[in-house]
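Chain by chain, the residues:
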Amino acid sequence: MKKLGVLISGGGTNLQAIIDNIENGNIRGRIELVVSNNKGAYGLIRAQRAGIDSLFINPKDFSSNQEYNLKLIQEFKARKVDLIVLAGYLKILSPDFIKEFRNRIINIHPSLIPSFSGDGYYGERVHRAVIQYGCKVSGATVHLVDEGTDTGPIILQECVKVDDEETVESLQRKVLEVEHKILVDAVRLFCEDRLSVEGRQVKIL
Ligand code: GRF
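Here goes a summary of the coordinates provided. Since we're looking at a predicted model, the values are computed, not measured.

1. A closer look at helix H2 (residues 42–49)
Among the residues of H2, those classed as buried are Gly43, Leu44, Arg46 and Ala47. The buried residues of H2 all sit within an arc of 160° when viewed along its axis, so they share a single face. Residues of H2 that are buried in the fold lie against strand S1 (2–8), helix H1 (13–23), strand S2 (29–36) and strand S3 (54–56). Count one or two residues on from H2 and you reach Gly51, which has phi positive near 70°.

As structure tokens, then:
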């Protein structure tokens, strides 16, 4: 049974999708710890409701992001997690963290990487840029996390149609639904040892 660690910063709907799919048996894994950098993250409530160990770790208590990440590493290693899931986590991971969990960190991004990804592209900004550009499709991407921002090998992607009258809110809703679906699929596949990383390519066995 794979052990999961989840990092959140906000509402935690992606976390909730994983919780629900563990409870219904779709994902054969167990969330050992949920950590938020934001005290008010509703995702902490979702974890507590599900009886999952959760921590608010305040970045202000640490002299640097590097020190903050050493604390994160310590907490997740203490629980022997196999996979780290970034579920709406908005802080940058340190090189120490990436190294410690090489090829075992996945992130969900609300666009079709490499479009509308990288520094400054998160949350509503992504959907606003997609609409302003006049794209006909958008979507979500689950990828492995490396030292770059949204640059790691892609695991799964799925498209959504961008309609003529699309708004940021309507597109965000469409994409969030797809995020939940492909994030759950990626976690399930990891738990079944069916992801094979070959350079930039991730093959599904
Ligand atoms: C979502 O907009 C998603 O695109 C990104 O983080 C945001 C919050 O997700 N990954 P969640 O509801 O906190 O899971």
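2. Considering the pattern of salt bridges
Considering all chains together, one arrives at 17 salt bridges under this definition. With a shortest N-O distance of 3.0 Å, Asp53 and Arg79 are connected by a salt bridge. Placement of the pair is Asp53 in the loop between H2 and S3 and Arg79 in the loop between helix H3 (65–78) and strand S4 (83–86), with a sequence separation of 26 residues. Overall, the relative accessible area of 37% leaves Asp53 in the partly exposed class. Across the salt bridge formed by Lys181 and Glu158, the nearest N and O atoms sit 2.6 Å from each other. Note that Lys181 is positioned in helix H6 (residues 168–191) and Glu158 in strand S7 (residues 154–161), a separation of 23 residues in sequence. A network of salt bridges, in which partner residues are shared, links Asp53, Lys71, Glu75 and Arg79.

What counts as what
Residues numbered from 1 in each chain as written. Predicted model: local features only at pLDDT ≥ 70, side-chain atom pairs only at ≥ 80, totals over all residues. Heavy atoms only, no water. Buried < 20%, exposed > 50% of the residue type's maximum accessible area, 1.4 Å probe, protein only. Helix = DSSP H or I, 4+ residues; strand = E, 2+ residues; numbered from the N terminus. Arc of directions from axis to C-beta. Contact = heavy atoms within 4.5 Å. Salt bridge = Lys/Arg side-chain N within 4 Å of Asp/Glu carboxyl O.

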